[in-house]
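Here is how the chains run, residue by residue.
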Amino acid sequence: GIDLSRFVKLRPPEDVKRELQIPQEAFVVGMVGRLDTQKDYPTYFSAAERVLEKYNNTYFLAVGGGPLLQKYKDSVSKNPKLQGRVIFTGVRRDVLDLINAMDIGILSSHYEGCPNVVMEYMACSKPVVASDVGGSVELIIDRETGFIVPEGDVKVLAERIVELLGNKDLRQLMGQKGRLRIQAHFTAQEMARKTEKLYLELLENKNTKHQ
């Protein structure tokens, strides 16, 4: 569950863009996650290449540390299509501020449990594009709070990002619906209530069987 009080006093996107040397008018697409094999950053970077053909004023954040950070940095630095457009932030303590500066949140993982970062994107009112793995499909309502895309599908991931960048109203609507979904179903208080209810039901069933 998400503690929504953490999302109240976030830095303005303008300040974050200034710090990261991103032009104020530019789009920001971001992925938060450990830079390892699970998160499938190569698919994200390949999609970024395609998006930049359509929207060259887009910057792509890779937020996190991990064993493949240097490898990905080296790879991107040698790719003329991505030079100057991918920003590796490393490990940050202000991840929510960075999410607040994004136009779209991405999670292109090969596999997941219930990804907290998707809840954080939604709590920040950001539309989400995530691969069809793990708990992402329980959090995101496809085409309502974001898009679910086939795992490892660069083409579809890029298409969904382009669709969102080209439609400000859709970005805002999906973001708002995502925030409302978190408020209704995935706050820490609501998750605690549901867990308590489940335990009570299990205890009741057990007691009934013993009567």
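The following paragraphs examine the structure supplied in this document. Computed from a prediction, not measured in an experiment: that's the story for all the values here. (Residues numbered from 1 in each chain as written. Predicted model: local features only at pLDDT ≥ 70, side-chain atom pairs only at ≥ 80, totals over all residues. Heavy atoms only, no water.)

**As for a nonpolar patch on the surface**
The test is simple: Each patch is built from salt-bridge-free residues with over 30% relative accessible area, joining like charges within 9 Å and nonpolar side chains (Val, Leu, Ile, Met, Phe, Trp, Tyr) within 5 Å. Exposure was quantified through the Shrake-Rupley algorithm and a 1.4 Å probe, taking into account, for residues, occlusion by the shown protein chains and nothing else. The working definition used for a salt bridge is a side-chain nitrogen of Lys or Arg within 4 Å of a carboxyl oxygen of Asp or Glu. Helical segments are the DSSP runs of H or I of at least four residues, strand segments are the runs of E of at least two, and each set is numbered from the N terminus.
Taken together, the side chains of Leu198, Tyr199 and Leu202 present a nonpolar region at the surface, about 330 Å² in accessible area. Examined against the element boundaries, Tyr199 turns out to sit in helix H9 (residues 188-210).

**Looking at the pattern of salt bridges**
Where charged atoms of side chains with opposite charge meet at close range, the side chains can pair. Operational definition: Residue exposure (1.4 Å probe, protein chains only): buried if accessible area is under 20% of the type maximum, exposed if over 50%, otherwise partly exposed.
What the rule picks out here adds up to 12 salt bridges. Arg160 is paired through a salt bridge with Glu163; the nearest N and O atoms lie 3.6 Å apart. Taken together, the residues span about one helical turn, with Arg160 and Glu163 both in helix H7 (residues 154-165) at a distance of three residues. Looking at Arg160, the relative accessible area reads 16%, which means it is buried. Overall, the relative accessible area of 31% leaves Glu163 in the partly exposed class. The network of salt bridges with shared partners includes Arg11, Glu19, Arg92 and Asp94.

**With respect to empty space enclosed by the protein**
Rolled over the atoms, a probe as big as a water molecule pinpoints where empty space is left. Where we set the bar: Every definition here rests on a 1 Å grid over the protein atoms only: cavities are sets of points where a 1.4 Å probe fits but cannot get out, pockets are open sets enclosed by protein on both sides within 12 Å along at least five of seven lines, and lining residues have some atom within 4 Å of a point. Grid points are joined across faces, edges and corners, and a volume is the space filled by probe spheres set on the points. Amino acid classes used here: Ala, Val, Leu, Ile, Met, Phe, Trp, Tyr, Cys and Pro are nonpolar; Asp, Glu, Lys and Arg are charged; the rest, including Gly, are polar.
This model, assessed by the stated rule, comprises one cavity of 30 Å³ or more. Approximately 40 Å³ is the volume found for the largest cavity. Around the largest cavity, the lining residues are Thr43, Leu107, Ser108, Ala130, Ser131, Val149, Pro150, Gly152, Asp153 and Leu157. The residue inventory of the lining of the largest cavity, partitioned by class, reads five nonpolar, four polar and one charged.

**Quick word on the sheet that holds strand S6 (residues 146-149)**
Short version of the rule: Here a strand pair is declared whenever DSSP counts at least two bridges between the two strands. Angles shown run from 0 to 180 degrees and are taken between the N-to-C directions of axes, each axis being a line fitted to C-alpha atoms and, for helices, limited to the stretch in contact.
The six strands are arranged S3-S2-S1-S4-S5-S6 in an open sheet whose pairing can be described as parallel. At either margin of the open sheet sits one strand with a lone partner, and together these are strand S3 (86-90) and S6. Averaged over neighbouring strand pairs, the angle between their axes works out to 20° when direction is ignored. With three bridges connecting them, strand S1 (residues 27-32) and strand S4 (residues 104-107) associate as parallel partners.

**Here's the deal with the side chain of Lys39**
Filter applied, for reference: For this analysis, a polar contact is any N or O atom pair within 3.5 Å, provided that within protein one partner can donate a hydrogen and the other can accept it, and provided that sequence-adjacent residues contribute only side-chain to side-chain pairs. By the convention used here, residues are in contact when the closest approach between their heavy atoms is within 4.5 Å.
Note that Lys39 resides in the loop between S1 and helix H2 (41-54). Side-chain polar atoms of Lys39 contact the side chain of Glu112, separated by 2.6 Å. Look past the residues within four positions of Lys39 in its chain and what remains in contact with it is Met31, Gly33, Arg34, Leu107, Ser108, Ser109 and Glu112.

**Looking at helix H3 (residues 69-77)**
Operational definition: Throughout, the arc means that of the directions going from the helix axis to the C-beta atoms.
Along H3, the residues classified as buried are Leu69, Tyr72 and Val76. Relative to the axis of H3, the buried residues are bounded by an arc of 70° and lie together on one face. Residues of H3 that are buried make contact with H2 and S3.

**Here's the deal with the environment of Leu202**
Tracing the backbone shows Leu202 in helix H9. Exposure remark for Leu202: the relative accessible area of 49% places this residue in the partly exposed category. For the pair formed by Leu202 and His185, sequence separation is 17 residues and the distance between their alpha carbons is 21 Å.

**Some points on unusual backbone geometry**
Of note in this structure, Asp40 is not a glycine but carries a positive phi near 55°. Position of Asp40 among the secondary structure elements: in the loop between S1 and H2.

**A closer look at the packing of aromatic side chains**
Condition: Geometry of aromatic contacts follows a simple scheme: Phe, Tyr and Trp rings, the Trp one being its six-membered ring, pair when their centres are within 6.5 Å, and the pair is stacked under 30 degrees between planes, edge-to-face over 60, tilted otherwise.
Across all of its chains, the model carries eight aromatic pairs by this definition. Residues Phe27 and Tyr55 carry aromatic rings whose centres are separated by 5.8 Å and whose planes lie at 85° to one another, so their mutual orientation is edge-to-face. Separated by 28 residues along the polypeptide, Phe27 in strand S1 and Tyr55 in the loop between H2 and strand S2 (58-63) bring together distant segments of the chain. Taking relative accessible area as the criterion, Phe27 reaches 15% and is therefore assigned buried. Consider the rings of Tyr41 and Tyr72, whose centres lie 5.9 Å apart with planes at 40°: the pair is tilted. Of this pair, Tyr41 sits in helix H2 while Tyr72 sits in helix H3, and the two are 31 residues apart along the sequence. With relative accessibility at 0%, the residue Tyr41 sits in the buried group. Residue classification places Tyr72 among the buried positions, given a relative accessible area of 7%. Among the aromatic residues, those joined into a cluster by ring pairs are Tyr41, Tyr44, Phe45, Phe60, Tyr72 and Phe88.

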